[in-house]
Amino acid sequence: MRRLLCLHAFLCCLTMAHPFCPSQCTCVFHGRTDGTGTRSVLCNDPDMSDIPVNVPVDTVKLRIEKTAVRRIPTEAFYYLVDLRYLWITYNSITSVDTGSFYNLKVLHELRLDGNMISMFPWESLKEMPMLKTLDLHNNRINNVPTEAIPYLRNITYLDLSSNKLTTLPSELMDIWPPFNGLPVSSNASQKVVLGLQDNPWFCDCKISKMIEISKMAETPVILMDLFLTCAGPENLSGVLFQHAELENCVKPSVMTSATKITSPLGSNVLLRCDASGFPTPTLYWAKSDGSPVSNTVQESPGDGIRWSIMSLHGILYKDAGNYSCKAKNVAGSVEATISLTVAGTIGTTVPPQRPGIDTGPSSVGTTIVPPTFIPDSFMSTVLPRASTIAFYRKLKPTPSNGLQKSKVKQAKNDKKSDTSKSIRDLKIVEETADSAVLLWTADGLPNDAPLTVVYSPYGEDDTKRTVETNAGSGKVLLDGLSSGMRYSVCLVAKGAAAGKDPCIDFYTLDNVEDGGQNQLFIIISGIACALVLPLIILLLYKILALYCKGHNTGLNEEDLEKESYVKFETISMKQRNLNSHPTELWARRPTNESERMLLCSRSSIDSQMTYKSDSSRSEYLC
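Small disclaimer: the values here were computed from a predicted structure and weren't measured.

Regarding the pairing of strand β5 (residues 85-89)
For β5, the tally of buried residues reaches 4 of 5 residues, placing the bulk of the element in the interior. Alignment of strand β3 (residues 59-65) against β5, held across 5 bridges, turns out to be parallel. Residue Glu65 lies in a different strand from β5, and its bridge partner there is Thr89.

Quick look at the UniProt feature "transmembrane region" (unreviewed entry) in the protein
Following the UniProt record, the feature "transmembrane region" (unreviewed entry) maps to residues 520-541 here. The span residues 520-541 is 100% helical and 0% strand by assignment, and the distance between its end C-alpha atoms comes to 32 Å.

Topic: the state of the cysteines
All told, the structure shown has 6 disulfides when counted by the stated rule. Between the sulfur atoms of Cys21 and its disulfide mate Cys27 the distance is 1.9 Å. Because the sign of the S-S torsion sets the handedness, a value of about 85° for the bond joining Cys21 and Cys27 places this disulfide among the right-handed ones. The side chain of Cys203 participates in a disulfide bridge whose partner is Cys230; the two sulfur atoms lie 1.9 Å from each other. One disulfide, between Cys203 and Cys230, carries an S-S torsion of -95° and so falls in the left-handed class. Taken as a pair, Cys203 in the loop between β11 (201-202) and α2 (208-215) and Cys230 in strand β13 (residues 230-232) lie far apart in primary sequence, 27 residues in all. In this structure Cys203 comes out as buried when scored by relative accessible area, which is 3%. Using a relative accessible area of 4% as the deciding quantity, one classes Cys230 as buried. Sequential numbering of the bridged cysteines in the protein gives the disulfide pattern 1-3, 2-4, 5-7, 6-8, 9-10, 11-12.

Points about the environment of Glu65
Residue position: Glu65 is located in strand β3. The spatial distance from the C-alpha of Glu65 to the C-alpha of Ile88 is 5.8 Å, given a sequence separation of 23 residues. Those residues within four positions of Glu65 in sequence are excluded, and the remaining contacts are Leu42, Cys43, Asn44, Trp87, Thr89, Tyr90 and Asn91.

Concerning the sheet that holds strand β15 (residues 260-264)
Read from one edge to the other, the open sheet built from 4 strands follows the order β15-β21-β20-β17, with strand pairing classed as mixed. On the outer flanks of this sheet lie β15 and β17 (282-287), each paired with one strand and no other. In this sheet, neighbouring strand axes are inclined to one another by 25° on average, regardless of whether the strands run parallel or antiparallel. Pairing of strand β20 (residues 321-329) with strand β21 (residues 332-343) involves 9 bridges; the strand directions are antiparallel. Looking at β21, one finds that Lys328 is bridged to Ser333.

A closer look at the side chain of Asn115
Tracing the backbone shows Asn115 in the loop between β7 (109-111) and β8 (133-135). Given the relative accessible area of 5%, Asn115 is considered buried. In terms of polar contacts, Asn115 uses its side chain to reach the backbone carbonyl oxygen of Asp113, at 3.3 Å. Filtering out sequence-adjacent residues up to four positions away, Asn115 remains in contact with Ile88, Thr89, Tyr90, Asn91, Ser92, Ile93, Asn138 and Asn139.

Notes on the nonpolar core
Counting 65 residues, the largest nonpolar core has Leu62, Phe77, Leu86, Phe101, Trp122 and Leu134 as its most contacted members. Mapped by element, the contributors of at least two residues to this core are β2 (37-43), β3, β5, β10 (192-195), α2 and β12 (221-223). With residues up to four places along the chain from it excluded, the contact list for Leu62 reads Val41, Cys43, Val55, Phe77, Leu80, Leu83, Tyr85, Leu86 and Trp87.

Basis of the calculations
Residues numbered from 1 in each chain as written. Predicted model: local features only at pLDDT ≥ 70, side-chain atom pairs only at ≥ 80, totals over all residues. Heavy atoms only, no water. Buried < 20%, exposed > 50% of the residue type's maximum accessible area, 1.4 Å probe, protein only. Helix = DSSP H or I, 4+ residues; strand = E, 2+ residues; numbered from the N terminus. Pairing = 2+ DSSP bridges. UniProt positions renumbered as here; feature names shortened; annotations may be inferred. Disulfide = S-S within 2.5 Å. Contact = heavy atoms within 4.5 Å. Axes fitted to C-alpha atoms, helices over the stretch in contact; angles between N-to-C directions. Polar contact = N/O pair within 3.5 Å; in protein donor to acceptor, adjacent residues only side chain to side chain. Core = buried A, V, L, I, M, F, W, Y, C linked by side-chain atoms within 4.5 Å.

Right, dumping it as structure tokens:
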């Protein structure tokens with residue numbers, strides 16, 4: 001390193017004293033009237049095979065174009081501390097070292113297009129914190145790893161067109177609006193230009209965000225070519241991004257057990273989050289203040305579904321705040337927030353002296369094991385048994401050996417002292433379609449003790465309703481219910497025995513009027529069917545009879561004789577007598593009844609017979 005620094009100082013002094021230019025390059029100094037200026041260097045000799053090492057140190061723009069250079073070595077430009085534009089285009093470069101761009105702290109533009117680069121060292125971008133333009137088009141790059149994303153956050157012009165890319169990490173689009181959660185701005189300076197055309201894109205869920213951007217009308221991400229096309233899979237080959245419909249790609253949706261929770265100080269709290277989407281999303285818990293979150297577990301009971309639980313043990317005031325549950329897959333991400341409020345205070349108590357029990361200093365200030373607060377909606381969801389048992393084992397505290405016996409005995413005595421104050425025999429009577437009557441028995445509670453009845457449709461804790469009453473009434477009317485539904489009702493009383501509040505489930509009756517109308521409709525329909533069906537059968541019979549009669553057209557000879565006036569078997573000539581008219585002929589035919597003579601007349605003068613001789617042929621019209 002010392003040698004490199006000495007060489008850099010030497011080159012600086014030499015350049016300032018006698019500026020020179022590499023033999024295969026052209027150097028131009030752009031001076032100003034105040035004596036300052038910038039220097040640009042162009043190296044485009046086709047015989048150049050290596051990156052020049054004697055470029056003037058005050059160079060601001062360096063262009064190496066159309067040469068035979070095949071490799072950019074490590075620290076090739078480390079002494080060009082003022083370099084802002086570096087163009088190494090249309091050469092034969094196949095290899096770029098990780099340290100090739102070392103010390104280019106003010107570089108704004110890097111262009112490497114028109115080469116044969118297949119693997120670009122993305123981590124080298126950290127040496128160029130001011131870089132805004134990165135042009136890699138017309139190369140052979142086939143992959144952009146997820147590790148490259150942090151180095152691309154400041155890039156405003158990224159050209160990856162005409163490469164061999166088939167996909168991009170879905171997280172890449174998350175660094176730009178609207179996927180990074182920031183509002184979309186119309187400020188032109190905040191626009192990002194992307195060149196992605198001429199790549200064999202495989203259109204699946206991994207590039208769904210890129211496809212979504214191509215369909216947006218207003219977006220800060222500008223595509224150089226809007227007409228991007230899919231190369232695969234086969235059913236989408238040649239289809240434009242704007243028309244592509246992806247299969248098995250659904251953005252995640254998330255739902256929490258509750259949005260606001262208030263829990264006593266020192267209690268245990270369980271927070272639950274459910275998500276759906278395809279591919280199956282992953283869930284992440286976080287606190288708004290950035291503090292670490294632990295004691296979480298998640299499980300996927302099936303494709304496209306995942307749930308997660310976070311447990312908080314013995315909560316303190318510092319545990320209050322907003323907890324977010326984020327669901328994420330390659331199609332997108334979404335999050336929901338649960339607000340936790342801690343209420344109450346911790347008191348220091350000294351247990352009373354009991355005969356036979358040694359209460360040493362360690363027993364002072366001890367408290368009973370805090371209860372676990374679980375939202376009602378959490379309990380309404382069925383969890384896998386193994387996961388539930390594991391969580392409750394985590395929540396169960398282990399008391400110290402010295403206090404275990406005394407705490408157990410103390411808990412038993414407290415339980416015995418409170419057994420005289422409880423609510424029992426909870427039951428529902430007189431259920432109707434929209435109301436029910438709740439009965440109970442209060443043991444040890446005064447008649448005027450306040451009592452709160454909480455009821456809601458089963459599993460719908462957001463629509464809870466309450467009724468205020470007293471313990472001595474023994475019953476209360478629950479009205480405004482819906483017919484044919486399952487309801488849950490609980491009694492909450494001050495001064496009752498410690499433990500879970502008594503609850504019961506019941507069903508309301510179906511609506512009688514609706515049932516009567518349905519029954520009447522069924523009866524009318526049955527009568528109508530009974531009347532119409534014989535008519536339909538008769539009509540079908542008539543149609544079939546006519547159809548069959550139409551096909552039976554053959555008549556026997558006897559019927560034909562009865563219906564015909566003449567039966568034409570033979571016609572024999574009868575000799576005319578002298579008194580007969582010349583236009584009349586007599587014909588004879590045998591019949592069953594009698595012998596009839598038929599007169600055949602000529603129809604016109606033109607058809608009259610001309611008699612020539614007895615042997616000539618006669619013409620008749622009959």
